[in-house]
Amino acid sequence: MTLTILYGFTIGAILYFISIGLSLTFGTMRVINFAHTLTYCIGVYMLITFISLFKGNFLPSAILAILVVIPISYLIERFIIRRLYGESLDYTFIATFAITLIGVDSIKWIWGVNPLPLSDPIGTQLNLWDFTFPVYRVMIVAIAIVLFFALELFFKKTIVGKIVVAALEDKDGVRCLGVKVERHFLIVFILGSALAGLGGVLYAPISSVHPYMGLGILLLCFAVVIVGGMGNLRGTFVSAFSLGMVMAITARYWSQGAEVMVFIVMAVVLMFRPIDI
Amino acid sequence: MKPGTAPGPLITAEETSHPKPRLAGFDVLIIAGAFLLLAAIFSTHRVTDFMIFCIFAMSFDLIYGYMGRLSFGHLLFLGTGAYGSGLFLKYFYGNPLLAMLVGIAAAALLGMLIGAIVVRATGACFALMNLAFNYIGFFLVLSPLRGITNGEDGFGIHALSVGFFNPASKISMFLFVLLCLLLVFYLLKRLTSSPYGIMIRSIKEDETRVKFLGYNTYFYKWLTFVIAGSMAGLAGTLTALNYKYVNPNVMDVHGNVGVVFACLIGGAGRLYGSIVGGVVYMLISNFLPIYIHRWEMFLGISLLIIVFKFRKGIWGYIQEMEEVRKRQKVVPEIAGKGVAQR
């Protein structure tokens, strides 16, 4: 049971990394970014490439992989999403889906369709009282908690963060103050994509790697964002960890039904709460 | 119309004052002729496939083009129809017409359940929620219901022949599907030009105003969702009968992009548009992968081009050309009259 709880926290942490970007881009730009799956996938595949370059050295390859995601997400924002501001949500959705199709096909082109193996970078087990924990999973949870506080600080203390929070409330009001909102949206978008890359990089060693891996995760993260509230950062944090726990506990008793249970929870939440979109 | 909404037919003043259903006999003849011509060019089996996809595209168009809600999980209903009729044929009785009824009823029932939750959302939220439900359905038939559905291997079915309709014969299947297509077209034509059709188009343009007028928009959206779901279920049952084989690929989540593409390239919000788009998409997806290996990339790039440059689609473009031609015809007539009076 302890391991199940730890597993739940791990999944929750990964979901949290990826959902922040979705939640922020929706809250500020009113765009559901389907291309989020793409940045996630690219992070993972870059990690695999760099690991073979650095002969198995995990940390520098992970950092480089996340850095590669940043220019790609810049290009997506600059040339696709910025042209669709103020348009119907459907078009941005279709456009970002099209980007995902192109990206996934390029991944298949470059790296091939077959699943790639990737092993746990920190193999050691942590012995604590009577239990043994895989250190890597504990580390993921620790990173998630640190990240949560770092983001809280970022949105409370720095001027960029404050502008973004204000824009979540009232975009036009902020624009009237003479702030270039679009530039801050770009920052938010890149931050979200980089965090998706981070999530991918951290999750890849404990899951399977294949070109379509992004879709399942994106749907889970979407459930997280809906349950937590679009653009609500603390809500995202809480719902990510609770849904992660739901997944872990379901998986313990009915291993195939873990993802379905998340969607059932989402449906139940939606029945009792108005959808604010 | 709000600046952001998808293009579609505008509601004209003439339509709102005299909502009269037009007779669609002429259209029916044209469509039947076009598909018979296609069948003469390609094989009947292939064109049967095209027509089934056109039925599916029209049912999608009812939600997307007419009601303005983009669903990214419409294949769920096609899959439900296919599995409903397939399982009925396999476990109970071999009558294809009865199996079709069962499949359509299953899809309609599922539409009622899911619709009650889903139609409250709009925009991308609606799309993603449908996608999530489609994912659940795909997963359910793939593994927890493996005992009944035989997992990813799928199962073959055998249908008896009833009267003139013999699913084993390609010609009979072709004619039956053509009949279904015409029936669906006629029904949708009647529906979309009725007061109800004007209502759902008004919901697309401004739902809040429709609500202010005192209509229960939730009910109409739910009803549309159920109708579209059952028509997709019909397409599903025909798919099962046509291939005599059902496997989870019929509701593969990634297949949804195909119908969105078909609807957009043909012209959303026009029945002819979705038929043209359906045929064009099927032609592309049947013949292009032979020549182009990177098929998904091609699809992605053309979707981007449609979103940025070609929103009206083929049918919308044709209609625009027609209007321009008419206007050019009218102008000299008026000018001529002016001269004559003087």
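Please read these numbers as outputs of a predicted model, since none were measured by experiment.

Peer 1: What should I look at first to understand the overall build of chain A in this one?
Peer 2: When its secondary structure is counted, chain A shows 11 helices and 2 strands. Helices and strands in chain A line up, N terminus first, as α-α-α-α-β-β-α-α-α-α-α-α-α. Relative to the globule expectation of 19 Å for 277 residues, the C-alpha radius of gyration of chain A, 19 Å, shows essentially globular dimensions. Each principal axis of the C-alpha distribution contributes one length, and for chain A these read about 60 × 45 × 35 Å. Burial status across chain A gives 48% buried among its 277 residues. Long-range pairs, those at least 24 residues apart, make up 72% of the contacts in chain A with a sequence separation of at least 6.

Peer 1: Where do I start with the overall build of chain B in this structure?
Peer 2: Across its full length, chain B carries 15 helices and 2 strands. Of all 342 residues assigned to chain B, the portion counted as buried reaches 46%. A sequence separation of at least 24 residues applies to 80% of the contacts in chain B between residues at least 6 apart.

Peer 1: Help me out: how do you make sense of the interface of chain B and chain A in this one?
Peer 2: Many descriptions give the size of an interface as the accessible area lost when the pieces come together. In this assembly, 33 residues from chain B lie in contact with 34 residues from chain A. Looking at the side of chain B that touches chain A, the elements with two or more residues in it are helix H6 (123-142), helix H12 (256-266) and helix H14 (295-309) of chain B. Ranked by residues supplied to the side of chain B that touches chain A, first place goes to H6 of chain B with 10 residues.

Peer 1: I keep staring at the nonpolar core and nothing clicks. Help me out?
Peer 2: As a rule of thumb, nonpolar side chains are buried together in soluble globular proteins. Core analysis: the biggest nonpolar cluster contains 192 residues, and Ala223 of chain A together with Ile55 and Met58 of chain B have the highest contact counts within it. For this core, the element with the most residues is helix H3 (residues 44-66) of chain B, which contributes 15 residues. Excluding residues that lie within four positions of it along the chain, Met58 of chain B makes contacts with Val184, Phe185, Leu188, Met231, Leu271, Ser274 and Ile275 of chain B.

Peer 1: How do you make sense of the packing of H3 of chain B against helix H8 (residues 170-193) of chain B when you look at a structure like this?
Peer 2: For any two helices packed against each other, the geometry comes down to the angle between their axes and how far apart the axes lie. Residues and elements named next belong to chain B. Following both chains from N to C, one finds H3 and H8 inclined at 15°, their axes separated by 9 Å at the closest point. Taken as axis vectors, H3 and H8 run roughly parallel relative to one another. Crossing of H3 against H8: the hand is left-handed. Contacts between H3 and H8 pair Thr44, His45, Val47, Thr48, Met51, Ile52, Cys54, Ile55, Met58, Leu62 and Tyr66 from the former with Lys170, Ile171, Met173, Phe174, Val177, Leu178, Cys180, Leu181, Val184, Phe185, Leu188 and Thr192 from the latter. Looking at the contact of H3 with H8 residue by residue, the class counts come to 18 nonpolar, 4 polar and 1 charged.

Peer 1: Could you clarify how one ought to interpret the domain arrangement of chain B in this entry?
Peer 2: The domain boundaries assigned to chain B delineate domain 1 (23-311) and domain 2 (316-342). The C-alpha centroid of domain 2 of chain B is placed 40 Å from the C-alpha centroid of domain 1 of chain B.

Peer 1: Looking at this structure, I do not really get the packing of helix H9 (residues 213-228) of chain A against H6 of chain B. What am I missing?
Peer 2: Where H9 of chain A meets H6 of chain B, the closest approach of the two axes is 10 Å, and the angle between their N-to-C directions is 125°. Considering the angle they form, H9 of chain A stands oblique to H6 of chain B. Seen from above, H9 of chain A lies across H6 of chain B with left-handed handedness. Contact with H9 of chain A, carried on its side by Leu219, Phe222 and Ala223 of chain A, involves Leu128, Leu131, Ala132 and Tyr135 of chain B of H6 of chain B and no other residues of that element. Residue classes in the contact of H9 of chain A with H6 of chain B are distributed as 7 nonpolar, no polar and no charged.

Peer 1: Sorry, what's going on with the confidence of the model for chain B here?
Peer 2: Detailed conclusions should not be drawn from predicted coordinates in areas where pLDDT is low. Residues and elements named next belong to chain B. In the predicted model, chain B carries a mean pLDDT of 84, and 89% of its residues have values of at least 70. Per-element mean pLDDT across chain B ranges from 52 in helix H1 (residues 13-17) up to 93 in helix H11 (residues 217-243). Scored below 50 in pLDDT, residues 17-21 shows 6 contacts in the model against residues more than four places distant or in partner chains. The ipTM for the predicted assembly is 0.79, set against a pTM of 0.83.

Peer 1: Where do I start with H3 of chain B in this structure?
Peer 2: Three- or four-residue spacings in an α-helix give side chains the same orientation, since the helix completes a turn every 3.6 residues. Residues and elements named next belong to chain B. The terminal C-alpha atoms of H3, which comprises 23 residues, lie 31 Å apart, in line with the 33 Å expected from a rise of 1.5 Å per residue. The sharpest bend along H3 measures roughly 35° and falls at Phe60. The buried fraction of H3 is high, at 19 of 23 residues. Remark: Gly68 follows H3 within two positions and exhibits a positive phi of approximately 75°.

Peer 1: Sorry, what's going on with the confidence of the model for chain A here?
Peer 2: Per-residue confidence for chain A gives a mean pLDDT of 83, with 94% of residues at or over 70. When mean pLDDT is compared element by element in chain A, helix H10 (residues 233-253) of chain A scores highest at 89, while strand S1 (residues 125-128) of chain A scores lowest at 64.

Peer 1: Can you help me understand the environment of Gly269 of chain B in this one?
Peer 2: Residue and element names in this part refer to chain B. Position of Gly269 among the secondary structure elements: in the loop between H12 and helix H13 (271-291). Judged by C-beta crowding, with 26 C-beta atoms within 10 Å, Gly269 ranks as buried. Considering only alpha carbons, one finds Gly269 and His158, 111 residues apart in sequence, at a separation of 37 Å.

Peer 1: What is the right way to read the environment of Val227 of chain A from this model?
Peer 2: Residues and elements named next belong to chain A. With respect to the helices and strands, the residue Val227 is situated in helix H9. Remark: the alpha-carbon pair of Val227 and Arg273, spanning 46 residues in sequence, is separated by 9.3 Å. Here Val227 is in contact with Ser239, Leu243, Val265, Met266 and Val269, once residues within four sequence places are set aside.

Peer 1: When you look at the environment of Met261 of chain A in this model, what are you seeing that I'm missing?
Peer 2: Position of Met261 of chain A among the secondary structure elements: in helix H11 (residues 258-272). A C-alpha to C-alpha distance of 7.2 Å links Met261 of chain A and Thr250 of chain A, two positions 11 residues apart in sequence.

How each quantity is defined
Residues numbered from 1 in each chain as written. Chains lettered and ligands numbered in written order. Predicted model: local features only at pLDDT ≥ 70, side-chain atom pairs only at ≥ 80, totals over all residues. Helix = DSSP H or I, 4+ residues; strand = E, 2+ residues; numbered from the N terminus. Rg over C-alpha atoms; globule rule 2.2 N^0.38 Å. Buried ≥ 20, exposed ≤ 12 C-beta atoms within 10 Å, placed from the backbone. Contact = placed C-beta atoms within 7 Å. Core = buried A, V, L, I, M, F, W, Y, C linked by C-beta atoms within 7 Å. Axes fitted to C-alpha atoms, helices over the stretch in contact; angles between N-to-C directions. Parallel < 35°, antiparallel > 145°, perpendicular 65-115°, else oblique. Left-handed = near helix turned anticlockwise from the far one by under 90°. Nonpolar A, V, L, I, M, F, W, Y, C, P; charged D, E, K, R; others polar. Domains from an automatic or database assignment. pLDDT = per-residue confidence, 0-100. Expected span 1.5 Å × (residues − 1). Bend = angle between axes of the 7 residues up to and from the residue.

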